[in-house]
Every structure is written in structure tokens, then in C-alpha cells.
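Secondary and tertiary structure notes
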Amino acid sequence: MDLSTEVLATFPNNGSVTVYNVIDRTTADYGRILNCAMFFARLGKNVIITPKVDVPYKNSAYDKIYNSLKGTAYFGKCPDLQINTEWYEHEGFSGNNPKRSFRNMCNHGFKQSDKIIIEDCGLSDGYMLRSLEGQIKAGTKVSELWVHSNNECRQVFKTES
């Protein structure tokens, strides 16, 4: 696997976006992930867009890219973004049922990371917070939820540390 990277953008506040060259940059999902990465880089964060790695347990590339996931519940997963030292999963949706879309994005996303960025599906922050409360009570580890819309991200939830 090609582990070379390219720095796509740098900002005066030292924020940057780096992408692995093995990633297919023609997909719609990549465009949304790049928009999120640029948002955080403009805030001064160093963001790496990471690839999916087949058979992570038998792949030395996985160890090189996702080494900091060792010892966590997410070892073997491939989150989409590393923002500074934290891992984030981006989830998009299809369909026209916002509540189902939100539930699916959370179900898929929180399997990859306890910090997710979802596409705006038109639900109120209040609805999303109530839904997250239920997921947390059911045992899902949730640290952060961001909503991406129009090249911006807004934080809807963050656990207090």
C-alpha cells in the first residue's frame, strides 16, 4: 500500500490538511470529508484524511497509520480523519427520512470512533441531543457529535472532561 501523503492546504494559524495518496479523490464522500478537514484546519488544527485499510490485523500499513488506536475499542477500525491526535469518523446518508438517516449515521459512526461528524439531515439540535442521551444510556460511547453543512461544522454535543 502506498503510504505517501500530500499536504493539500496550510493556513497562517499552522492548520493543515494532509491526505494519503491512496485515497480515491473522485468520490462524493471524499469531497464532504475534505470540506470537514478544511473547516478544522482553518481553526488551526492539523488534519489527516486517512484511507480504509483491508484486513487491518494483517496489514503493516494499518499499524503505521492507525497505531494510536491500539488498546482501544476502535482497534481494527479505520476512522476517516485524524484531527491533531483525535480520531473522527465522517458519516453521510442517503434517503429522505431524517430520523432514520440520523440513527443510521450514529449507529455506523460510533462503531468507528466516539467522535463523529455527520451530514446535516435537517433535524433540530434538540432532537439529536435527546437521541444521543438514549444511545448513551444504552451503552454507546459518545464523546463528540458535529454536524457538517455548507462547508461549516457545528458542534452539537461534547462530553465534559
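Residues numbered from 1 in each chain as written. Predicted model: local features only at pLDDT ≥ 70, side-chain atom pairs only at ≥ 80, totals over all residues. Heavy atoms only, no water.

1. Re helix α1 (residues 28-42)
The α-helix advances 3.6 residues per turn, and as a result positions three or four apart in sequence lie on the same side. Put simply, the rule is: Helix numbering and strand numbering both begin at the N terminus, where a helix is a DSSP run of H or I of at least 4 residues and a strand a DSSP run of E of at least 2. One fewer than the residue count of a helix, multiplied by 1.5 Å, yields its expected span. Relative accessibility decides the category of a residue: with a 1.4 Å probe and only protein chains considered, values under 20% of the type maximum give buried, values over 50% give exposed, and everything between is partly exposed.
The end-to-end C-alpha separation of α1 is 21 Å, in line with the 21 Å expected for 15 residues at 1.5 Å each. For α1, the complete set of buried residues consists of Y30, I33, C36, A37, F39, F40 and A41. Of the residues trailing α1, G44 is marked for its positive phi of about 100°.

2. Describing the packing of aromatic side chains
What counts here: Between rings of Phe, Tyr and Trp, where Trp is taken as its six-membered ring, a pair exists when centres lie within 6.5 Å; planes separated by under 30 degrees are stacked, by over 60 edge-to-face, and by other angles tilted.
Here the structure, examined in full by the defined rule, presents 8 aromatic pairs. Judged by centre distance (6.4 Å) and plane angle (65°), the ring pair of F39 and W146 falls under edge-to-face. Here F39 is found in helix α1, whereas its partner W146 is found in strand β7 (residues 144-149), with 107 residues between them in sequence. This pair shows no difference in class: F39 is buried, exactly as W146 is. Pairing F40 with W146 gives two aromatic rings, centres 4.9 Å apart and planes at 80°, and the pair type is edge-to-face. Residue F40 is found in helix α1, and its partner W146 is found in strand β7; the two are separated by 106 residues along the sequence. Per residue, the accessibility class of F40 equals that of W146, and both read buried. Within the aromatic cluster, the residues linked to one another by ring pairs are F39, F40, Y88 and W146.

3. Brief notes about the side chain of Q112
The criterion, for reference: Two N or O atoms count as a polar contact when they lie within 3.5 Å, although within protein this holds only if one can serve as hydrogen donor and the other as acceptor, and sequence-adjacent residues are included solely when both atoms are side-chain atoms. Contact criterion: two residues are considered in contact whenever any of their non-hydrogen atoms come within 4.5 Å of each other.
Tracing the sequence through the fold places Q112 in helix α3 (residues 98-112). At 3.1 Å, the side chain of Q112 forms a polar contact with the backbone nitrogen of C78. Ignoring any residue separated from it by four or fewer positions in sequence, one finds Q112 in contact with Y74, K77, C78, P79 and E89.

4. Comments concerning the sheet that holds strand β5 (residues 86-91)
Applied cut-off: Think of it this way: DSSP has to see at least two bridges between two strands before they count as a pair. Note on geometry: axes are lines fitted to C-alpha atoms, helical ones only across the stretch in contact, with angles between N-to-C directions running from 0 to 180 degrees.
An order of β1-β2-β3-β4-β5-β6-β7-β8 is seen for the 8 strands of this open sheet, with the pairing classed as mixed. What marks the edges here is a single partner per strand, and that holds for β1 (5-10) and β8 (152-158). For this sheet the average axis-to-axis angle between neighbouring strands, irrespective of direction, equals 25°. With 5 bridges joining them, β1 and strand β2 (residues 16-20) adopt antiparallel strand pairing. Bridged to V7 within β2 is T18. Relative to the sheet, α1 contacts β1, β2, β3 (46-49), β4 (81-83), β5, β6 (115-119), β7 and β8, its axis offset from that of β3 by approximately 165°.

5. Quick word on the pattern of salt bridges
Opposite charge on two side chains lets them pair, provided their charged atoms get close. Definition in use: The working definition used for a salt bridge is a side-chain nitrogen of Lys or Arg within 4 Å of a carboxyl oxygen of Asp or Glu.
According to the stated counting rule, one finds 8 salt bridges in the structure shown. Of the charged contacts in the structure, one is a salt bridge between K70 and D63, with a shortest N-O distance of 4.0 Å. Residue D63 is classed as partly exposed on the basis of its relative accessible area, which comes to 32%. Salt-bridge contacts for K141 lead to D114; the nearest nitrogen and oxygen are separated by 3.0 Å. In this pair, K141 sits in the loop between α4 (125-137) and β7 while D114 sits in the loop between α3 and β6, placing the two residues 27 residues apart along the sequence. Residue classification places D114 among the buried residues on the basis of a relative accessible area of 7%. One connected set of salt bridges, linked through shared partners, spans E86, D114, K115 and K141.

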